[in-house]
Structure formats: structure tokens, C-alpha cells
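Letter by letter, the chains look like this.
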Amino acid sequence: MDKSLYKRPSWDEYFMHLVDEVAQRATCDRGKSGAIIVRDKRILCTGYVGSPPGFAHCDEVGHLLKKVIDEDGTIRQHCVRTIHAEQNAIAQAARYGIPLEGTTLYCTMEPCRVCAMLIISVGIKKVVAKRRYHAGQETRDLFKKAGIELIVMENKIETYENQ
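Rules used throughout
Residues numbered from 1 in each chain as written. Predicted model: local features only at pLDDT ≥ 70, side-chain atom pairs only at ≥ 80, totals over all residues. Heavy atoms only, no water. UniProt positions renumbered as here; feature names shortened; annotations may be inferred. Helix = DSSP H or I, 4+ residues; strand = E, 2+ residues; numbered from the N terminus. Contact = heavy atoms within 4.5 Å. Axes fitted to C-alpha atoms, helices over the stretch in contact; angles between N-to-C directions. Parallel < 35°, antiparallel > 145°, perpendicular 65-115°, else oblique. Left-handed = near helix turned anticlockwise from the far one by under 90°. Nonpolar A, V, L, I, M, F, W, Y, C, P; charged D, E, K, R; others polar. Buried < 20%, exposed > 50% of the residue type's maximum accessible area, 1.4 Å probe, protein only. Arc of directions from axis to C-beta. Phe/Tyr/Trp six-rings, centres within 6.5 Å; stacked < 30°, edge-to-face > 60°. Salt bridge = Lys/Arg side-chain N within 4 Å of Asp/Glu carboxyl O.

Per an unreviewed UniProt entry, the recorded name for the protein is CMP/dCMP deaminase zinc-binding, and the organism is Caldithrix abyssi DSM 13497. According to the UniProt record, the Sequence similarities (unreviewed entry) comment for the protein is "Belongs to the cytidine and deoxycytidylate deaminase family."

S.K.: Give a description of the UniProt feature "active site" (unreviewed entry) in the protein that names residues and reports values.
M.R.: Residues annotated in UniProt with the feature "active site" (unreviewed entry) correspond here to Glu86. Within the secondary structure, Glu86 is located in helix 3 (residues 85-95). In this view, Glu86 contacts Ala35, Leu105, Cys107, Met109, Pro111 and Cys115; residues no more than four positions away in its chain are not counted.

S.K.: Give a description of the UniProt feature "domain: CMP/dCMP-type deaminase" (unreviewed entry) in the protein that names residues and reports values.
M.R.: Here the UniProt-annotated "domain: CMP/dCMP-type deaminase" (unreviewed entry) positions come out as residues 10-150. With 34% helix and 26% strand, residues 10-150 has end C-alpha atoms that lie 16 Å from one another.

S.K.: For the packing of helix 4 (residues 113-122) against helix 5 (residues 137-146), give the residues involved together with the corresponding values.
M.R.: The contact between helix 4 and helix 5 brings their axes to 9 Å, and the two run at 15°. In terms of their interaxial angle, helix 4 and helix 5 are classed as roughly parallel. Where helix 4 crosses over helix 5, the two elements pack in a sense that is right-handed. In contact with Arg113, Ala116, Met117, Ile119 and Ile120 of helix 4, helix 5 contributes Glu138, Thr139, Leu142, Phe143 and Ala146. A breakdown of the residues in the contact of helix 4 with helix 5 according to their chemical character gives seven nonpolar, one polar and two charged.

S.K.: Give a detailed account of helix 4, specifying residues and quantitative values.
M.R.: Turning to helix 4, its buried residues number three or more, namely Cys115, Ala116 and Ile119. The buried residues of helix 4 occupy an angular sector of 105° when the element is viewed end-on, so they sit on one face. In helix 4, the exposed positions angled more than 90 degrees off the buried face are occupied by Val114 and Ser121. Here the buried face of helix 4 lies against helix 3, strand 5 (104-109), strand 6 (126-131) and helix 5. Once helix 4 finishes, Gly123 follows within two positions and takes phi at roughly 90°, a positive value.

S.K.: Can you break down the packing of aromatic side chains residue by residue, with the values?
M.R.: Applying the stated criterion across every chain, the model contains four aromatic pairs. When the centroid spacing of 5.8 Å and the interplanar angle of 25° are considered together, the rings of Trp11 and Phe15 count as stacked. A residue pair is termed a helical-turn pair when its members lie 3 or 4 positions apart in one helix, as Trp11 and Phe15 do in helix 1 (residues 11-23) at four residues. Residue Trp11 is classed as partly exposed on the basis of its relative accessible area of 40%. Aromatic pair Tyr14 and Phe15: ring centres 5.0 Å apart, planes at 65°, arrangement edge-to-face. Among the residues examined, Tyr14 registers a relative accessible area of 37% and is labelled partly exposed. Through pairs of rings, three or more aromatic residues link up here, namely Trp11, Tyr14, Phe15 and Tyr106.

S.K.: Describe the pattern of salt bridges, naming the residues involved and giving the relevant values.
M.R.: Counted according to the given criterion, the structure contains eight salt bridges. Lys7 is paired through a salt bridge with Glu13; the nearest N and O atoms lie 3.5 Å apart. Of the charged contacts, one joins Glu138 and Arg113 as a salt bridge, the two residues approaching to 2.6 Å between their closest N and O atoms. You can see Glu138 sitting in helix 5 and its partner Arg113 sitting in helix 4, a full 25 residues away along the chain. Take Glu138: its relative accessible area is 40%, and that puts it in the partly exposed class. Because the salt bridges share partners, they merge into one network encompassing Glu110, Arg132 and Arg140.

This is the structure:
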């Protein structure tokens, strides 16, 4: 390999590659997502889409789908058997007493509204997402109001089966 052609990844690119690896542990094949929370370029905790400890996973017993009707009448399906990657990462930090004030969260797609509220509440200051979330505008508005920097690396909406 010609070393003059090698481009070292930025920190955001580096952690986003690791998010993709973390997402491989997801136990729900709808929206396989991962999350990493970092402080000073050091990983504090990780999370992926999966059921709480001791509960059955989608890849074992199937999805637990609920229909959600958006204000515009759009009907969507969400699997509620699992916890989002961001929620699992935050829960892991809480379980092990790791404060998250001033950290950066890397994730597969823009967080949902509930995850955004948790991110705000625990003091995360920056979120780097690989792609957009189909219902991400509310999150963008919340982050702006809370002063959280949001970077989306690919201006593409994440899609998954039976959305």
C-alpha cells in the first residue's frame, strides 16, 4: 500500500466505524443500531438494540410490533420488545456509575424523541449520527433548544423493513 495515499480517519469517522461493529450485536433485525459514548477520545460505554437482560430477544421469539399513527396519518410499525442503542448505552453508564456530562454520543441514526430527551437529561453535549431518522425533526429541534451539537455524516434517511 502506498503510504502517501493513506488518509487517516478523523475521530468522528473512527468512532462511527466502531458504531457499525457494535450494531452487529443487535438482537432485532429492524434498524440494527449501535451507540458509543466517548469522553476525551476514550470510549466510556456502548449500546445496541436489544431486550433488557433476562428478556427474550427478537431473534429468539420474533418482533413485538406496535402501530403508531403520525399526526399526518402515516401509519408506522415499531418493535417495542427492544431498547434503543442510545438507551442501552446510557443505561450501561448508569449501571456502572459513569457520569456522561459533556460527552459525545455516536450512533447509527439520529436519535428518536425519547432518546433525545434522555441525551439532554444526562448532559451529553454532542451527537454524531451516521444517517438521518425518518422522524428526526423533533430531535433536531430539541437538540437546538438544549444547545447540543448534532452532526449527521450522511444526509440519507435510515430505512428498515416493515417501517
